[in-house]
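Chain residues, written in single-letter form:
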Amino acid sequence: AQSVSQHNHHVILSEAASLELGCNYSYGGTVNLFWYVQYPGQHLQLLLKYFSGDPLVKGIKGFEAEFIKSKFSFNLRKPSVQWSDTAEYFCAVRHTGNQFYFGTGTSLTVIP
Amino acid sequence: EAGVAQSPRYKIIEKRQSVAFWCNPISGHATLYWYQQILGQGPKLLIQFQNNGVVDDSQLPKDRFSAERLKGVDSTLKIQPAKLEDSAVYLCASSLSWAGSSEQYFGPGTRLTVT
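Residues numbered from 1 in each chain as written. Chains lettered and ligands numbered in written order. Predicted model: local features only at pLDDT ≥ 70, side-chain atom pairs only at ≥ 80, totals over all residues. Heavy atoms only, no water.

### Quick look at the overall build of chain B
Helices and strands together make up the secondary structure of chain B, namely zero helices and 11 strands. Counted from the first residue to the last, chain B has its helices and strands arranged as β-β-β-β-β-β-β-β-β-β-β. Its C-alpha radius of gyration of 13 Å places chain B within 12% of the 13 Å reference for a compact globule of 115 residues. Expressed along its principal axes, the backbone C-alpha trace of chain B runs to roughly 40 × 25 × 25 Å. Of all 115 residues assigned to chain B, the portion counted as buried reaches 45%. For chain B, restricting intrachain contacts to residue pairs at least 6 apart in sequence, the fraction spanning at least 24 positions comes to 54%. (Helix = DSSP H or I, 4+ residues; strand = E, 2+ residues; numbered from the N terminus. Rg over C-alpha atoms; globule rule 2.2 N^0.38 Å. Buried < 20%, exposed > 50% of the residue type's maximum accessible area, 1.4 Å probe, protein only. Contact = heavy atoms within 4.5 Å.)

As structure tokens, then:
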């Protein structure tokens, strides 16, 4: 069965610290990769996505992610977090069968 | 542009009762998705529609769950009868098409509690 693993369940950082959230998937074929964010009390929304081309993808609010095919990974990064980045972050994978698989999510708390 | 609408926002029922959720996607979006998100887990895709046809329902527990998208616009998801383990947030999402590049837009969800 396909799976998406997010290694960090809960991360606590101080403002201005750097962030890296891990995401690994198990599907060996062609994949589309996504990071979604859910701010407190809001809907899930897309942060960034990778389909092809440059494996370093830039998204909204200063986030970026790097697709490393050999490691089946798509880690999310931000050089300097802000209090407003406090949210739940979900990695998702879509393979050629058009099935979407989400990870279990990482809760990020940024302390002012 | 108006987002994905869902109702009700909250529902509490007893086990063995029936419940239905409604979703109105963004206008013009051909693809509609229903997800189940159990507390502490990521969303799990239950069913995917392209217009009024089912693209994928491999993870839908068909003995108790059903969904329809009449006329290719609004959709309803029904559970009959409900079990305790159905307690979750049910998310609806829509996209312009089912192409991998098409972004999904999520609704606010319906929080179901089965007692």
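### Some remarks on the overall build of chain A
Scanning chain A for helices and strands turns up zero helices and 12 strands. Ordered by position in the sequence, the α and β elements of chain A form the string β-β-β-β-β-β-β-β-β-β-β-β. By the compact-globule yardstick of 13 Å for 112 residues, chain A fits well, its C-alpha radius of gyration being 13 Å. In terms of overall dimensions, chain A has C-alpha extents of about 40 × 25 × 20 Å along its principal axes. For chain A, long-range pairs separated by at least 24 residues make up 54% of all intrachain contacts whose partners lie at least 6 apart in sequence. When the accessible surface of chain A is summed, it comes to about 5200 Å², and 53% of that surface belongs to carbon and sulfur atoms. (Areas by Shrake-Rupley, 256 points an atom, 1.4 Å probe, with all protein chains shown as cover.)

### Comments concerning the layout of surface pockets
Each pocket or cavity is described by its volume, and for the largest pocket that value is around 620 Å³. Looking at the largest pocket, it is lined by 29 residues, and the ones nearest its centre are Gln38 of chain A together with Gln37, Leu39, Val89 and Arg111 of chain B. Those elements giving two or more residues to the lining of the largest pocket turn out to be strand 10 (87-95) of chain A together with strand 9 (88-95) and strand 11 (110-114) of chain B. Of the residues that constitute the lining of the largest pocket, the class distribution is 13 nonpolar, 13 polar and three charged. Quantified by volume, the second largest pocket comes out at close to 180 Å³. (1 Å grid on protein atoms, 1.4 Å probe; cavity = no way out; pocket = protein on both sides within 12 Å on 5 of 7 lines; lining within 4 Å. Points joined across faces, edges and corners; volume = space filled by probe spheres on them. Nonpolar A, V, L, I, M, F, W, Y, C, P; charged D, E, K, R; others polar.)

### Some thoughts on the side chain of serine 94 of chain B
All names here are of chain B. By the secondary structure assignment, serine 94 is in strand 9. Looking at serine 94, the relative accessible area reads 0%, which means it is buried. Reaching out from serine 94, the side chain makes a polar contact with the side chain of histidine 29 at a distance of 2.8 Å. For serine 94, the contacting residues outside a window of four places in its chain are Val4, Pro25, Ile26, His29, Thr31, Leu32, Tyr33, Glu103, Gln104 and Tyr105. (Polar contact = N/O pair within 3.5 Å; in protein donor to acceptor, adjacent residues only side chain to side chain.)

### Comments concerning the interface of chain B and chain A
Interfaces are frequently sized by the accessible area removed from exposure as the parts join. Counting from both sides, the interface comprises 23 residues of chain B and, opposite them, 17 residues of chain A. Interface area, chain B with chain A, both sides summed: about 1600 Å², of which 51% is carbon and sulfur. Our count for the chain B to chain A interface comes out at one residue pair in polar contact (both at pLDDT 80 or more). Breaking the side of chain B that touches chain A down by element, the ones donating at least two residues are strand 4 (31-37) and strand 5 (44-50) of chain B. Per-element tally for the side of chain B that touches chain A: the top contributor is strand 4 of chain B, with three residues. In the side of chain B that touches chain A, the residues fall into nine nonpolar, 12 polar and two charged. (Buried area = accessible area lost by both parts, 1.4 Å probe.)

Fair warning: the whole summary comes from geometry, so function is off the table for now.
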